[in-house]
Amino acid sequence: MAAPKVAVLGAGVIGLSTALCIVETFPSCSVAVFSDQFSPNTTSDVAAGILIPHTYPGTLIHVQKQWFKETFTYLFAISNSAEASEAGVHLISGWQVFKDPPKEEFPFWSDVVLGFRLMSKAELQKFPQHQFGQAFTTLKCDCAPYLLWLEKRLKANGVQMFTRKVADLWELQGEYNLVVNCVGIGAHQLVGDEKLFPVRGQVLKVDAPWVKNFIRDGDGSTYIYPGIHRVTLGGTREKGNWSLSPDPGTTKDIFDRCCSLEPSLHGAQDVIVRVGLRPSRDCVRLQREVLSRGGVKLSVVHNYGHGAGGFSVHRGTAKEAARLVGDCIAALQGSSRAKL
């Protein structure tokens, strides 16, 4: 069998990092990325890009922890490199605060982030509405620079990028040996996944350079995440809402909630409103599948459905998807040898 040809669908953080893992793991592969949208127009561009895991009810905790740990280790190395600024990856410290103490004072990821501890009473005085809190240092990707950095790495590895909407996986059969599906919410239509649903997120990107620490309400509804150039204020979690149009009432509500956590934000300037649809399901769909049509087979690897937690686990799930691609290649090579 000649060098396997792999098509990766989707150019958000999951698609690009999966393509990168494939080409790094299997340098002999010919890899191409197909997407109707590239940065700055992907769902990933709307994300805050902070590494605080979202829990998937249908996935074993030790698996989720492994994905997070691999992602954290990968980004921590970038943050300590000369490429940190270009990649938009940096360490950030802050607080997660709760009105009522959570069931778990130490979440499953507490020993992966840096310096995790419970907040002191003195620290909690900054948040009079909250009675419990956690302090730690984590990593943040500024999404647009990070996506461009991934694209640059891919091109340096010979990966081609095509702006094209793929409406049917079978379009690529014949030209490619296998297809990797990382289209996020697009999988609802592309592969008819009824378990996948949008969770609409509206965020504000503001200019407030004096805000240095992240602040997150423990239920995840309100958050302030400073980036290198702008601060992301959020948010909303509107299950089943497909609208990409910003809502002015929601903008005011987000701003007011964030100002209640950090009153200095009243002075924030230059508010940009962004909306994205988180591709949510009970668990990430990370699996191999062999489709069959008229005696013809098509090998597919799925890697989508990361919901609100995509950035927190993107490298870990990309590594797992690359391993599944390796299994597909071995199976294809075995069947081509059998034909000989």
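Residues numbered from 1 in each chain as written. Predicted model: local features only at pLDDT ≥ 70, side-chain atom pairs only at ≥ 80, totals over all residues. Heavy atoms only, no water.

(A) Main features of the pairing of strand 2 (residues 30-35). Counting buried positions over the six residues of strand 2 gives five, a clear majority of the element. Sheet topology places strand 1 (residues 5-9) next to strand 2; five bridges connect them, and they run parallel. Bridge pairing in strand 2 links Ala 7 to Ala 32. Taking the sense of rotation as the criterion, the β-α-β connection linking strand 1, helix 1 (residues 13-25) and strand 2 turns out right-handed. Across four bridges, strand 2 lies against strand 6 (residues 160-163) in parallel orientation. Opposite Ser 35, over in strand 6, you have Thr 163 as the bridge partner. (Buried < 20%, exposed > 50% of the residue type's maximum accessible area, 1.4 Å probe, protein only. Helix = DSSP H or I, 4+ residues; strand = E, 2+ residues; numbered from the N terminus. Pairing = 2+ DSSP bridges. Right-handed = clockwise from strand over helix to strand, strands pointing away.)

(B) Up close: the UniProt feature "binding site: D-dopa" (unreviewed entry) in the protein chain. Under the present numbering, the feature "binding site: D-dopa" (unreviewed entry) in UniProt falls on Tyr 223 and Arg 278. In this fold, Tyr 223 is placed in strand 10 (residues 223-226). Other than its neighbours up to four places away in sequence, Tyr 223 contacts Val 203, Ile 215, Arg 216, Thr 232, Leu 233, Gly 234, Gly 235, Cys 258 and Arg 278. Given the relative accessible area of 13%, Arg 278 is considered buried. Setting aside anything within four residues of it in sequence, one finds Arg 278 in contact with Ile 185, Phe 197, Pro 198, Val 199, Arg 200, Gly 201, Tyr 223, Thr 236, Arg 237, Gly 307 and Ala 308. Among the polar contacts listed, one links the side chain of Arg 278 to the backbone oxygen of Arg 200, at a separation of 3.5 Å. (UniProt positions renumbered as here; feature names shortened; annotations may be inferred. Contact = heavy atoms within 4.5 Å. Polar contact = N/O pair within 3.5 Å; in protein donor to acceptor, adjacent residues only side chain to side chain.)

(C) Region of the structure containing helix 2 (residues 61-79). Relative to the 27 Å expected for 19 residues at 1.5 Å per residue, helix 2 spans 26 Å between its end C-alpha atoms, a close match to the ideal helical length. Every buried residue of helix 2 is accounted for by Gln 64, Trp 67, Phe 68, Thr 71, Phe 72, Tyr 74, Leu 75, Ile 78 and Ser 79. The buried side chains of helix 2 occupy one side of the element, clustering within an arc of 165° when seen end-on. (Expected span 1.5 Å × (residues − 1). Arc of directions from axis to C-beta.)

(D) Expanded view of unusual backbone geometry. Geometrically, the link from Ser 39 to Pro 40 is a cis peptide bond, its omega value of 15° lying close to zero. Relative to the elements of secondary structure, Pro 40 occurs in the loop between strand 2 and helix 2. Going from Gly 234 to Gly 235, the amide bond is cis rather than trans, its omega being 0°. With respect to the secondary-structure elements, Gly 235 resides in the loop between strand 11 (231-234) and strand 12 (238-239).

(E) Up close: the UniProt feature "binding site: FAD" (unreviewed entry) in the protein chain. Here the UniProt feature "binding site: FAD" (unreviewed entry) sits at Thr 43, Ser 44 and Val 166. For Ser 44, the location among the structural elements is in the loop between strand 2 and helix 2. Beyond its immediate stretch of four places on either side in the chain, Ser 44 contacts Gly 12, Val 13, Cys 143, Leu 147 and Phe 311. Within the local environment of Ser 44, its side chain forms a polar contact with the backbone nitrogen of Val 13, the two atoms lying 2.9 Å apart.

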